[in-house]
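Residues per chain, in single letters:
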Amino acid sequence: MIDKKLLDILACPICKSRLRYNKAQQELICRADRLAFPIRDDIPVMLEDEARVLSSDEVDALYQK
């Protein structure tokens with residue numbers, strides 16, 4: 001579980017936008033860049049090379065929430 005205070009200060013390392021926490025998949029989501037940054041052992045991995053590109057279905061689901 002990621003700390004709420006940490007989530008409030010983290011931003012996308014590429015575009016600096018706010019990140020959304022996906023608890024089920026343990027990822028931080030950047031809607032603007034369509035990337036998911038993994039969280040490993042409760043530590044966010046904020047490297048572009050480690051990020052997963054979101055599918056169009058995943059992006060559409062983010063905008064419906």
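For the structure, check the block above.
Topic: the pairing of strand S3 (residues 35-40)
- Counting buried positions over the six residues of S3 gives five, a clear majority of the element.
- Bridge count between strand S2 (residues 27-30) and S3: four bridges; the pairing is antiparallel. Within S3, the position partnered with Cys 30 by the bridge is Leu 35.
- Turn length for the S2-S3 hairpin, with the two strands adjacent in sequence and antiparallel, is four residues, and the turn residue Arg 34 shows positive phi of about 60 degrees.
- Sheet analysis places S3 next to strand S4 (residues 43-44), joined by two bridges and oriented antiparallel. The residue bridging Ile 39 from the neighbouring strand is Pro 44, located in S4.
- The antiparallel hairpin formed by S3 and S4 contains two residues in its connecting segment, where Asp 41 sits at a positive phi of about 55 degrees.

A short note on the pairing of S2
- Here S2 shows a buried face lined by Glu 27 and Ile 29 and a second buried face lined by Leu 28 and Cys 30.
- Alignment of strand S1 (residues 20-22) against S2, held across three bridges, turns out to be antiparallel. Bridging across to S2, Tyr 21 finds its partner in Leu 28.
- Connecting S1 to the antiparallel partner S2 that follows it, the hairpin turn spans four residues, and Gln 26 within it adopts a positive phi of roughly 55 degrees.

About the cut-offs
Residues numbered from 1 in each chain as written. Predicted model: local features only at pLDDT ≥ 70, side-chain atom pairs only at ≥ 80, totals over all residues. Heavy atoms only, no water. Buried < 20%, exposed > 50% of the residue type's maximum accessible area, 1.4 Å probe, protein only. Helix = DSSP H or I, 4+ residues; strand = E, 2+ residues; numbered from the N terminus. Pairing = 2+ DSSP bridges.

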